[in-house]
Amino acid sequence: MPIFKSPAFIQQCFAVHPLSLSVKMVALPEKVGIVCANCHMRHRLQVTVCQSQIGDEPFTEVGASQSLEQCMADHAVDLRVSQVNVKTDSVQFRCRPCRRVYQMKVSLFETHQQ
């Protein structure tokens with residue numbers, strides 16, 4: 001199976017079928033795994049910075065990793081990819097029950113075909 005080390009694949013999935021992307025693994029401080037149900041690709045992100053925000057408050061790193069891990073444990077199905085930006089190498093997740101937005105700086109994007 002080939003491994004592609006480019007953000008273009010996750011950006012393409014997000015642009016074409018954003019509702020098919022779901023977060024499947026959070027192993028912070030470094031790794032986040034995302035699966036696309038439509039094209040059957042697995043995206044692995046190596047995270048350097050994780051920040052969170054509630055409402056209109058500014059993004060903060062304080063407690064963001066722990067909050068994201070707790071969110072993943074409590075209601076993983078509600079954690080969705082809300083933005084992919086290849087210019088800034090960042091990905092955002094949104095969780096409706098928590099009313100939080102998580103923003104991550106990514107140092108490495110990997111895509112695995114299933």
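Here, every reference points to the structure presented above.
Let me sum up the structure you'll find in this document. (Residues numbered from 1 in each chain as written. Predicted model: local features only at pLDDT ≥ 70, side-chain atom pairs only at ≥ 80, totals over all residues. Heavy atoms only, no water.)

### Thoughts on helix H2 (residues 64-75)
Piece 1. Taking 1.5 Å of rise per residue, the 12 residues of H2 would be expected to cover 16 Å, and the 16 Å separating its terminal C-alpha atoms lies within 8% of that figure.
Piece 2. Regarding H2, the residues found buried are Ala64, Ser67, Leu68, Cys71, Met72 and His75. All buried residues of H2 fall inside an arc of 140 degrees around its axis, so they share one side. Set apart from the buried face of H2 by more than 90 degrees, the exposed residues are Gln66, Ala73 and Asp74.
Piece 3. Those residues of H2 that are buried are in contact with strand E2 (21-27), strand E4 (41-54), strand E5 (79-85), strand E6 (90-95) and strand E7 (100-113). (Helix = DSSP H or I, 4+ residues; strand = E, 2+ residues; numbered from the N terminus. Expected span 1.5 Å × (residues − 1). Buried < 20%, exposed > 50% of the residue type's maximum accessible area, 1.4 Å probe, protein only. Arc of directions from axis to C-beta. Contact = heavy atoms within 4.5 Å.)

### As for empty space enclosed by the protein
Piece 1. Summed over all chains, the structure comprises 1 cavity of 30 Å³ or more.
Piece 2. Considering the residues around the largest cavity, the lining is formed by Lys31, Arg44, Leu45, Gln46, Leu108 and Glu110.
Piece 3. By residue number, the principal contributor to the lining of the largest cavity is E4, which donates 3 residues.
Piece 4. Classifying every residue of the lining of the largest cavity by side-chain character gives 2 nonpolar, 1 polar and 3 charged. (1 Å grid on protein atoms, 1.4 Å probe; cavity = no way out; pocket = protein on both sides within 12 Å on 5 of 7 lines; lining within 4 Å. Points joined across faces, edges and corners; volume = space filled by probe spheres on them. Nonpolar A, V, L, I, M, F, W, Y, C, P; charged D, E, K, R; others polar.)

### Focus: the layout of surface pockets
Piece 1. In this structure, the largest pocket encloses a volume near 180 Å³.
Piece 2. Contributing to the lining of the largest pocket are Pro18, Leu19, Leu21, Asp78, Arg80, Val81, Ser82, Arg94 and Arg96.
Piece 3. For the lining of the largest pocket, the leading source of residues is E5, giving 3 residues.
Piece 4. The residue makeup of the lining of the largest pocket, split by class, is 4 nonpolar, 1 polar and 4 charged.

### Observations concerning the environment of Asp74
Piece 1. Turning to its location among the elements, Asp74 is positioned in helix H2.
Piece 2. Asp74 sits 23 residues away from Pro97 along the chain, and the two C-alpha atoms are 9.7 Å apart.

### A look at the pairing of E7
Piece 1. Relative to E7, strand E1 (residues 3-4) runs antiparallel, the two being bridged by 2 bridges. Across the sheet, Ile3 pairs through a bridge with His112, a residue of E7.
Piece 2. Bridge analysis of E4 against E7 gives 13 bridges, and the strand direction is antiparallel. Residue Met41 lies in a different strand from E7, and its bridge partner there is Gln113.
Piece 3. Bridge analysis of E6 against E7 gives 6 bridges, and the strand direction is antiparallel. (Pairing = 2+ DSSP bridges.)

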